[in-house]
Amino acid sequence: ILNVEQSPQSLHVQEGDSTNFTCSFPSSNFYALHWYRWETAKSPEALFVMTLNGDEKKKGRISATLNTKEGYSYLYIKGSQPEDSATYLCAFTRLQAGTALIFGKGTTLSVSS
Amino acid sequence: EAGVAQSPRYKIIEKRQSVAFWCNPISGHATLYWYQQILGQGPKLLIQFQNNGVVDDSQLPKDRFSAERLKGVDSTLKIQPAKLEDSAVYLCASSLRSPETQYFGPGTRLLVL
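As the structure is a prediction and not an experimental result, all values here were calculated from the model.

J.: Help me out: how do you make sense of the overall build of chain B in this one?
T.: The helix and strand inventory of chain B stands at 0 helices and 11 strands. Shown N-terminal to C-terminal, the secondary structure of chain B runs as helices and strands in the order β-β-β-β-β-β-β-β-β-β-β. Taking 113 residues into account, the globule formula puts the C-alpha radius of gyration at 13 Å, and chain B, at 13 Å, falls close to it. Projected onto its principal axes, the C-alpha positions of chain B cover 35 × 25 × 25 Å. Within chain B, buried positions represent 45% of all 113 residues. If you take every contact in chain B between residues at least 6 apart in sequence, the share linking residues at least 24 apart comes to 53%. For chain B, the accessible surface area stands at approximately 5,600 Å², while carbon and sulfur atoms represent 51% of it. Between the mean site of the 13 positive side-chain charges and the mean site of the 10 negative ones, chain B shows a separation of 4 Å.

So this is what it looks like as structure tokens:
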């Protein structure tokens, strides 16, 4: 069974707080780990794609790390802003042609001003 | 560059009725995916096309769901007849090839009464 687990399920922070989420995934046959941000009534937006163990990606105040040996990834948001409020989805793909994204349930972030 | 287009954005039908969704991927993207996202869960793949051929439809409930991508460009997903449990967001995504970053449309929100 291929399960992607995300925690926490939801999170409420104040503007300016820093926060982080966890994504765990099966480490066998790993190919890539994806992070998406999904705001209400909009399209899910790709944040990062990571493939290498130890990889780190950064986009503005958002960064992510990857550990493929133990099967986890962290997403960090520094100095949260109200516009960061969204559901953050992680998904992975396997070393297998034609394999689509396998998603977790997401972490819903709410940032209050 | 235009993103992935989907229509309609919202649809309300009664159980046992039929419904169809349309998706136009990013120009040049060979791979097209349909995902179903039920409230509280992560998106789940229904079907994956490579050009106009089906790569993976193992999770498509074929007794009621059908999809086609006849000319290898846009695609339609049909449900006939709909059940209450089909209430979900139906997301279309496309990528240049599999497995690469997938770009999502805004989704169609279906409510079956």
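J.: How should I be thinking about the overall build of chain A in this particular structure?
T.: The secondary structure content of chain A amounts to 0 helices and 11 strands. Element order for chain A, N to C, with α for helix and β for strand: β-β-β-β-β-β-β-β-β-β-β. Over its C-alpha atoms chain A spans a radius of gyration of 14 Å, differing by no more than 12% from the 13 Å that the globule rule assigns to 113 residues. Dimensions of chain A, computed from C-alpha atoms along their principal axes, come out at roughly 45 × 30 × 20 Å. The centroid of the 10 positive side-chain charges in chain A is displaced by 5 Å from the centroid of its 10 negative side-chain charges.

J.: Which parts of the structure should I look at to understand the sheet that holds strand β3 (residues 19-24) of chain B?
T.: Within a sheet, adjacent strands bond to each other through the backbone by hydrogen bonds, running parallel or antiparallel. All names here are of chain B. Across the sheet, 4 strands lie side by side as β1-β3-β8-β7; this open sheet has antiparallel pairing. The sheet is open, and its two edges are formed by β1 (5-7) and β7 (65-68), each paired on a single side. Within this sheet the neighbouring strands show an average axis-to-axis angle of 15°, counted without direction. As paired elements, β3 and strand β8 (residues 75-79) share 5 bridges and run antiparallel to each other. Along β8, the bridge assignment pairs Cys23 with Ser75.

J.: Just to check I follow, could you spell out the state of the cysteines for this structure?
T.: A covalent bond between the sulfur atoms of two cysteines is what we call a disulfide. Residues and elements named next belong to chain A. The final tally for this structure, using the stated rule, is 2 disulfides over all chains. The side chain of Cys23 participates in a disulfide bridge whose partner is Cys90; the two sulfur atoms lie 1.9 Å from each other. Across the S-S bond of Cys23 and Cys90 the torsion is about 70°, and the bridge reads as right-handed. With Cys23 in strand β3 (residues 19-24) and Cys90 in strand β9 (residues 86-94), the pair connects residues that are 67 residues apart, well separated along the chain.

J.: Can you help me understand the environment of His12 of chain A in this one?
T.: Residues and elements named next belong to chain A. Within the fold, His12 resides in strand β2 (residues 10-14). Taking relative accessible area as the criterion, His12 reaches 51% and is therefore assigned exposed. Considered as a pair, His12 and Leu109 are 97 residues apart in the sequence and their alpha carbons are 5.9 Å apart. Of note is the side chain of His12, whose polar atom sits 2.6 Å from the side chain of Ser112.

J.: What is the right way to look at the interface of chain A and chain B in this model?
T.: In many reports, interface size means the accessible area that the parts give up when they come together. In this complex, chain A contributes 19 residues to the contact, which on the side of chain B involves 24 residues. Together, the buried faces of chain A and chain B total about 1,600 Å²; carbon and sulfur atoms form 60% of this surface. At the surface where chain A touches chain B, the tally comes to 0 salt bridges. Put simply, the parts of the chain that give the side of chain A that touches chain B at least two residues each are β4 (30-38), β5 (45-50) and β9 of chain A. The element contributing the most residues to the side of chain A that touches chain B is β4 of chain A, with 4 residues.

J.: Would you take a moment to explain the pattern of salt bridges for this structure?
T.: Between side chains of opposite charge, a pair can form when the charged atoms approach closely. Residue and element names in this part refer to chain B. Applying the stated criterion across every chain yields a total of 6 salt bridges over all chains. A salt bridge links Lys62 to Asp57, with the nearest nitrogen and oxygen atoms 3.7 Å apart. The partner of Asp86 in a salt bridge is Arg64, with the nearest N and O atoms 2.5 Å apart. Separated by 22 residues along the polypeptide, Asp86 in the loop between β8 and β9 (88-95) and Arg64 in the loop between β6 (53-56) and β7 bring together distant segments of the chain. Under the relative-accessibility criterion, Arg64 is labelled buried at 11%.

Reading the values: rules and limits
- Residues numbered from 1 in each chain as written.
- Chains lettered and ligands numbered in written order.
- Predicted model: local features only at pLDDT ≥ 70, side-chain atom pairs only at ≥ 80, totals over all residues.
- Heavy atoms only, no water.
- Helix = DSSP H or I, 4+ residues; strand = E, 2+ residues; numbered from the N terminus.
- Rg over C-alpha atoms; globule rule 2.2 N^0.38 Å.
- Buried < 20%, exposed > 50% of the residue type's maximum accessible area, 1.4 Å probe, protein only.
- Contact = heavy atoms within 4.5 Å.
- Areas by Shrake-Rupley, 256 points an atom, 1.4 Å probe, with all protein chains shown as cover.
- Lys, Arg positive; Asp, Glu negative; His and termini not counted.
- Charge placed at Lys NZ, Arg CZ, Asp CG, Glu CD.
- Pairing = 2+ DSSP bridges.
- Axes fitted to C-alpha atoms, helices over the stretch in contact; angles between N-to-C directions.
- Disulfide = S-S within 2.5 Å.
- Polar contact = N/O pair within 3.5 Å; in protein donor to acceptor, adjacent residues only side chain to side chain.
- Buried area = accessible area lost by both parts, 1.4 Å probe.
- Salt bridge = Lys/Arg side-chain N within 4 Å of Asp/Glu carboxyl O.

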